[in-house]
Amino acid sequence: MKRTYLGEFEEIVLLLVASMDGEAYGVALTHKINEETDRSVRLNQVHGALHRLEEKGMVASRLGDPTPERGGRRKLLFTATAYGYRTLQDIKAVRAQLWSAVPANPKLATSL
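Residues numbered from 1 in each chain as written. Predicted model: local features only at pLDDT ≥ 70, side-chain atom pairs only at ≥ 80, totals over all residues. Heavy atoms only, no water.

**Overview of the packing of helix H2 (residues 26–37) against helix H3 (residues 43–55)**
When two helices pack together, their arrangement is given by the angle between the helix axes and the distance between those axes. Our working definition: In this analysis, axes come from line fits to C-alpha atoms, helices being fitted only over the stretch in contact, and the angle between any two N-to-C directions falls in the range 0 to 180 degrees. Counting from the N terminus, the helices are DSSP H or I runs at least four residues long and the strands are E runs at least two residues long. Geometric relationships in this document are graded by angle, where less than 35 degrees denotes roughly parallel, more than 145 denotes roughly antiparallel, 65 to 115 denotes roughly perpendicular, and other angles denote oblique. It is the rotation of the near helix from the far one that decides the hand of a crossing: anticlockwise by less than a right angle makes it left-handed, clockwise makes it right-handed. Residue contacts are defined here by distance: any two heavy atoms, one from each residue, within 4.5 Å place the two residues in contact. All amino acids are sorted into three groups, where Ala, Val, Leu, Ile, Met, Phe, Trp, Tyr, Cys and Pro are nonpolar, Asp, Glu, Lys and Arg are charged, and the leftover types, Gly among them, are polar.
Between H2 and H3, the shortest axis-to-axis distance is 9 Å and the interhelical angle comes to 110°. Between H2 and H3, the angle is such that the two are roughly perpendicular. Seen from above, H2 lies across H3 with right-handed handedness. Residues Gly26, Val27, Leu29, Thr30 and Ile33 of H2 lie in contact with H3, whose contacting residues are Leu43, Val46, His47 and Leu50. The residue makeup of the contact of H2 with H3, split by class, is six nonpolar, three polar and no charged.

Pasting the structure below:
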């Protein structure tokens, strides 16, 4: 299968979906991204990323059970697929390789 590249935001969403182990849904992901990255994201941005990731085959969705808190409505839950998880592992390996090439005491520019 051809490698699909992810943008930073899609990578963050996919990482969180994988970490939530089948219990990821839009609102929870939005709150988690806001907390973990100190970014202000909106629910529609998260839903857009989830839709793109599903189209790429990196996440799968299913309807959860109805809950009284939601007036009997069901949540759309997301799970990382094997392909999505493999993509995350590939990204991690590439980043580790690139970081290993950065000197411990790099020469840094002193002005902009």
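**Some remarks on the nonpolar core**
The following threshold applies: As used here, the term nonpolar core means buried Ala, Val, Leu, Ile, Met, Phe, Trp, Tyr and Cys residues forming a set that is joined through side-chain atoms within 4.5 Å. Buried residues are those whose accessible area, probed at 1.4 Å on protein chains only, stays under 20% of the maximum for their type, while exposed residues exceed 50% and partly exposed ones sit between those limits.
In terms of nonpolar packing, the biggest core is built from 23 residues, with Val13, Val17, Leu29 and Ile33 touching the most fellow members. In terms of residues, this core owes the most to one element, helix H1 (residues 8–19), which gives six residues. Those residues in contact with Val17 that sit more than four places away from it in its chain are Gly22, Ala24, Leu29, Leu50, Val59, Phe78, Thr79 and Ala80.

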